Amino acid sequence: MSSAFKAMRLHLTCPLPKQVINIPQTLFSYLITNQRAINNSCKPVKTSNAKKPKLPTTKLSWEERLSDTVTPLWRMTYEDQLQWKYEHQKKILLKMMKELSQDPTRAFSDHLNFPLLPIVASPVRDGYRNKSTFSVNKGIDGNPKTLGFYIGTGKAGNIVCVHADHLLSIPSKHKMVARCYEDFIRLSPLRPCILFDDGGHWREITIRTNSTGHTMAIVYFHPQSLTPEETDIHKAALVEYFTQGPGAICQLDSLYFQETTMTRCSHEQSQYQLLYGQTHIYEEVLGFKFRISPDSFFQVNREAAEALYKTVAELSQPCVGGTLLDVCCGTGAIGISLSPQMERVIGIELIEQAVEDAKFNAALNRVCNCEFLAGKAEVVLPDLMGSLSSDGGLTAVVNPSRAGLHYRVVRALRNHSAIRRLVYISCKPDGEAMRNFRELCCSVGLVRRITGEAFKPVVAVPVDLFPHTPHCELVLVFER
Ligand SMILES: C[S@@+](CC[C@H](N)C(=O)[O-])C[C@H]1O[C@@H](n2cnc3c(N)ncnc32)[C@H](O)[C@@H]1O
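Residues numbered from 1 in each chain as written. Predicted model: local features only at pLDDT ≥ 70, side-chain atom pairs only at ≥ 80, totals over all residues. Heavy atoms only, no water.

As recorded in UniProt, the protein chain goes by the name tRNA (uracil-5-)-methyltransferase homolog B, listed as coming from Danio rerio. The record in UniProt for the protein chain states the following under Subcellular location: "Mitochondrion". (UniProt positions renumbered as here; feature names shortened; annotations may be inferred.)

Here it is in structure tokens:
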């Protein structure tokens, strides 16, 4: 048995403090005072008839199978993980070079003709996530009110929800809140919402923590045909559970509730309702303080995010003094942390709560040279480019989600001749980002209305934000 495997076994046997597993249910009474709410929408959960999923034919336990799904590198030493990721990023860059070399008018070779610097390790390896989302579905014992992560797929109809107590990437506080929420929904007469049209209500929970231990929980709920008054009863029960019931052990600093009929919903589409506690969570990165709203993005590994932002700052050194465009800026972390070395920072972000946070964060840190614009980058940036002064130079840092940048964003950046250096940060460079790399580097005329000089990649640095998983952030610098 490998030492990593032994370590995991140990982890599996003592995942949480005992009192969290044995939640004293007698302390807590579910506050249902409105019988109509029960009659109308609360069919009891039939656990006895629930079909148990088939046991795996292999000798792997469910926990090992989940680890293999969520953190597939967990069996390797961290040094081996870094080596694996480095080689993987190299393969991706080689693929990029191969694609770029297809452009006959550009003299790209199909090998790496720029440096791939050593991978930057995460300062923390276990329990590093500051945000986790636990799903609700049928567990290994068939209980449909099980909180964890999925094995299997909806398409194959073989989803099993496995408790995440043993997962190396998740901190014990998140596991504790998830277990308590599971206990709560098991006490609730409302059914879980496994499929949106199945009439159930309780959905996933997201837990955010900061480095000082503050905890925010966001419960997602499908209202189905409940009236607001009926829903209020269940919100009150949730608050009671986490403030006076067994869930009080979690010491939540804020509890949010979002009623939603969609998989993912912004605050504008359906409000995040603060049920109790503080409105925001705060985090410190590179000496700057950041306010984070429930709807805002924040890098999941704070310590490694510091390493990422330091890397970006070093790679942006040649542009000191000019204007920085922080495209897809979230709560402003990159722009604000780079603001001391820039004359001006302009951030663009889709999520309104994140833009509000970014503006607040600039003021909180007494940073006066940052401004943040709300909207889709593909709408905001093309309009902005014409009015941008190129005095002192113009640099872009882009950090899109997995969907990559819209073609109009790339076109706007390429067609502004003052941008000589562009830093592209991607956690999935072999996905849609690859299309962006082609659009940034293709010769003029190859892509519709791209008239600006082409970029070329000059240096790449992988930064590991996600130990035990195959993912890492790739920082890729383009110049022209
Ligand atoms: C990977 S996060 C990066 C956030 C930030 N750079 C940071 O380090 O915290 C990607 C961000 O892009 C935003 N986003 C997604 N699509 C966008 C779009 N079309 N226009 C502007 N922002 C977008 C997301 O809301 C998210 O905040």
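Now that the structure has been shown, the text picks up again.
Student: What's the story with the packing of aromatic side chains in this structure? I'm lost.
Tutor: In the structure shown here, the tally under the stated rule is 11 aromatic pairs. Residues Trp202 and Phe221 carry aromatic rings whose centres are separated by 4.9 Å and whose planes lie at 70° to one another, so their mutual orientation is edge-to-face. Of this pair, Trp202 sits in strand E4 (residues 202-209) while Phe221 is found in strand E5 (residues 215-221), placing the two residues 19 residues apart along the sequence. Relative to Phe478, the ring of Phe437 lies with its centre 5.7 Å away and its plane at 40°, an arrangement referred to as tilted. Placement of Phe437 in helix H13 (residues 432-441) and of Phe478 in strand E16 (residues 473-479) is noted, with a sequence separation of 41 residues between them. Judged by relative accessible area, Phe437 falls into the buried class, the value being 2%. (Phe/Tyr/Trp six-rings, centres within 6.5 Å; stacked < 30°, edge-to-face > 60°. Helix = DSSP H or I, 4+ residues; strand = E, 2+ residues; numbered from the N terminus. Buried < 20%, exposed > 50% of the residue type's maximum accessible area, 1.4 Å probe, protein only.)

Student: Honestly, the packing of helix H6 (residues 172-187) against helix H7 (residues 228-243) in this entry has me stumped. Any pointers?
Tutor: Each packed pair of helices is defined by two parameters, the angle between the axes and the distance between the axes. It is at 11 Å that the axes of H6 and H7 come closest, and there the two elements cross at 135°. Here H7 runs oblique to H6, going by the angle between their axes. Between H6 and H7 the crossing geometry is right-handed. For the pair formed by H6 and H7, the contact residues are Val177, Cys180, Tyr181, Asp183, Phe184 and Leu187 on the first element and His234, Ala237, Leu238, Tyr241 and Phe242 on the second. Tallied by class, residues from the contact of H6 with H7 come to nine nonpolar, one polar and one charged. (Axes fitted to C-alpha atoms, helices over the stretch in contact; angles between N-to-C directions. Parallel < 35°, antiparallel > 145°, perpendicular 65-115°, else oblique. Left-handed = near helix turned anticlockwise from the far one by under 90°. Contact = heavy atoms within 4.5 Å. Nonpolar A, V, L, I, M, F, W, Y, C, P; charged D, E, K, R; others polar.)

Student: I would appreciate a short explanation of the pattern of salt bridges in the present structure.
Tutor: Counted according to the given criterion, the structure contains 19 salt bridges. Notably, a salt bridge pairs Lys235 with Asp232, separated by 3.3 Å at the nearest N-O pair. Taken together, the residues Lys235 and Asp232, both in helix H7 and three residues apart, mark about one turn of the helix. Under the relative-accessibility criterion, Lys235 is labelled buried at 13%. Among the ionic pairs, Glu283 bridges to Arg302, the shortest N-O distance being 4.0 Å. (Salt bridge = Lys/Arg side-chain N within 4 Å of Asp/Glu carboxyl O.)

Student: Quick question: what am I supposed to make of the confidence of the model for the protein chain here?
Tutor: Detailed reading of the predicted model is not advised wherever pLDDT is low. When pLDDT is averaged across the protein chain, the result is 88; 88% of the residues are at 70 or more. In the predicted structure, residues 1-53 sits below a pLDDT of 50 and forms 94 contacts with residues beyond four places in sequence or in another chain. (pLDDT = per-residue confidence, 0-100.)

Student: For this particular structure, what's the right way to read the site of the ligand?
Tutor: Surrounding the ligand, one finds 17 residues, the nearest of these being Tyr309, Glu349, Ala377, Glu378 and Asn399. Tyr309 is positioned such that a nitrogen or oxygen atom in its side chain is 2.7 Å from an oxygen atom of the ligand. At a separation of 2.6 Å, an oxygen atom of the ligand approaches a polar side-chain atom of Glu349. In the complex, the protein chains occlude 88% of the 600 Å² of accessible area that the ligand would expose alone. (Near = heavy atom within 4 Å. Polar contact = N/O pair within 3.5 Å; in protein donor to acceptor, adjacent residues only side chain to side chain. Areas by Shrake-Rupley, 256 points an atom, 1.4 Å probe, with all protein chains shown as cover.)

Student: I'm lost on helix H5 (residues 78-100) in this one. Help?
Tutor: Quick reminder: α-helices carry 3.6 residues per turn. Residues three or four places apart thus point the same way. In this model, H5 (23 residues) spans 33 Å end to end at C-alpha, consistent with the 33 Å of a helix rising 1.5 Å per residue. Within the sequence span of H5, burial applies to Tyr78, Gln81, Leu82, Lys85, Tyr86, Gln89, Ile92, Leu93, Met96, Met97 and Leu100. Residues of H5 that are buried make contact with H13, strand E15 (456-463) and E16. (Expected span 1.5 Å × (residues − 1).)

Student: When you look at the UniProt feature "active site" in the protein chain in this model, what are you seeing that I'm missing?
Tutor: Taken from the UniProt record, the annotation "active site" applies to Cys427 and Glu473. Across 47 residues, the annotated set stays spatially compact, with a maximum C-alpha separation of 4.3 Å. Its location among the elements puts Cys427 in the loop between strand E14 (419-426) and H13. For Cys427, the contacting residues outside a window of four places in its chain are Arg402, Phe466, Cys472 and Glu473. Every residue in contact with Glu473, bar those within four places of it in the chain, is listed here: Gln299, Leu308, Asn399, Ile425, Ser426, Cys427, Val461, Pro462, Val463, Leu465 and Phe466. Of the polar contacts made by the side chain of Glu473, one reaches the backbone nitrogen of Cys427; its length is 3.3 Å.

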